[in-house]
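One letter stands for each residue in the lines below.
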Amino acid sequence: QVQLVESGGGLVQAGDSLRLSCAASGRTFSRNPMGWFRQAPGKEREFVAVRTWSGESTFYAEFVKGRFTISRDNGKNTVYLQMNSLKPEDTAVYYCAASRGFSGNYYSAEFYDYWGQGTQVTVSS
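The shown structure was predicted, so the numbers you read here are calculated from the model rather than taken from an experiment.

Quick notes on the rules
Residues numbered from 1 in each chain as written. Predicted model: local features only at pLDDT ≥ 70, side-chain atom pairs only at ≥ 80, totals over all residues. Heavy atoms only, no water. Phe/Tyr/Trp six-rings, centres within 6.5 Å; stacked < 30°, edge-to-face > 60°. Helix = DSSP H or I, 4+ residues; strand = E, 2+ residues; numbered from the N terminus. Buried < 20%, exposed > 50% of the residue type's maximum accessible area, 1.4 Å probe, protein only. Lys NZ or Arg CZ within 6 Å of the ring centre and 35° of its normal. Contact = heavy atoms within 4.5 Å. Core = buried A, V, L, I, M, F, W, Y, C linked by side-chain atoms within 4.5 Å. Salt bridge = Lys/Arg side-chain N within 4 Å of Asp/Glu carboxyl O.

Here's the deal with the packing of aromatic side chains
Right, so step 1: For the structure on display, the rule yields 10 aromatic pairs.
Right, so step 2: With a centroid separation of 5.5 Å and an interplanar angle of 70°, the aromatic rings of Phe-29 and Tyr-114 are classed as edge-to-face. Pair noted here: Phe-29 is in the loop between β3 (18–25) and β4 (34–39) and Tyr-114 is in strand β10 (residues 114–115), with a separation of 85 residues, a long-range link.
Right, so step 3: Plain terms: the ring middles of Tyr-106 and Phe-111 are 5.4 Å apart, the flat faces sit at 90° to each other, and that makes the pair edge-to-face.
Right, so step 4: Given the relative accessible area of 12%, Tyr-106 is considered buried.
Right, so step 5: Judged by its relative accessible area of 14%, Phe-111 is buried.
Right, so step 6: An aromatic cluster is built from Phe-37, Phe-47, Phe-59, Tyr-106, Tyr-107, Phe-111, Tyr-112 and Trp-115, whose rings are joined through pairwise contacts.
Right, so step 7: We note Arg-45 situated over the ring of Trp-115; from NZ or CZ to the ring centre the distance is 4.8 Å.

Focus: the side chain of Ser-21
Right, so step 1: Inspection of the secondary structure assignment puts Ser-21 in strand β3.
Right, so step 2: On the basis of relative accessibility, which here comes to 19%, the residue Ser-21 falls in the buried class.
Right, so step 3: If sequence neighbours within four positions are ignored, Ser-21 has contacts with Val-5, Glu-6, Ser-7, Trp-36, Val-79 and Tyr-80.

Some details on the nonpolar core
One recurring pattern in soluble globular proteins is that nonpolar side chains are buried together.
Right, so step 1: Of all hydrophobic cores here, the largest spans 35 residues; its most connected members are Leu-4, Met-34, Trp-36, Leu-81, Met-83 and Tyr-94.
Right, so step 2: Secondary-structure elements contributing two or more residues to this core are β3, β4, β5 (46–51), β7 (68–73), β8 (78–83), β9 (92–98) and β11 (119–124).
Right, so step 3: At 5 residues, β9 tops the list of elements feeding residues into this core.
Right, so step 4: Setting aside residues no more than four positions away along its own chain, Met-34 makes contact with Leu-4, Cys-22, Ala-24, Phe-29, Val-50, Arg-51, Ile-70, Arg-72, Val-79, Cys-96, Ala-97 and Ala-98.

Considerations on the pattern of salt bridges
Right, so step 1: Per the stated rule, a full pass over the model turns up 5 salt bridges.
Right, so step 2: The partner of Lys-65 in a salt bridge is Glu-62, and the shortest N-O contact between them spans 2.8 Å.
Right, so step 3: Judged by its relative accessible area of 61%, Glu-62 is exposed.
Right, so step 4: Between Arg-100 and Asp-113 there is a salt bridge; the shortest N-O distance is 3.5 Å. With a gap of 13 residues between them, Arg-100 in the loop between β9 and β10 and Asp-113 in the loop between β9 and β10 connect regions that are remote in the sequence.
Right, so step 5: A residue is classified by how much of its surface remains accessible, and Arg-100, at 48% relative accessible area, is partly exposed.
Right, so step 6: For Asp-113, a relative accessible area of 32% gives the class partly exposed.
Right, so step 7: Taken together, the salt bridges that share partners define one network made up of Arg-38, Glu-46, Arg-67 and Asp-90.

Geometric values such as these leave the question of function open.
In structure tokens:
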């Protein structure tokens, strides 16, 4: 059974940093894209970042470019999201996602087959 387990969320002040982790078990994702989405109250789930295997490419949503960094440790089957300069509008539940595929529309939630349970990030002003 495949499981993705996020950790690292919490309550911080604007300008602070957080590092989210997502540990996968049940299969290896070293050759598959793994990414992060988020969902704020009353809003749809939105793409945040993805790191592919092929060429180790990374893609980010415009609203996090320059502030967030996605990385992965294939040996640990884990993906990370380093979030710096956090803003109140970053408040959301952050979800880890992984795909059985190798390439596609990384920005769409439909591309991903596995999801974590989510971790709450709250940024106060």
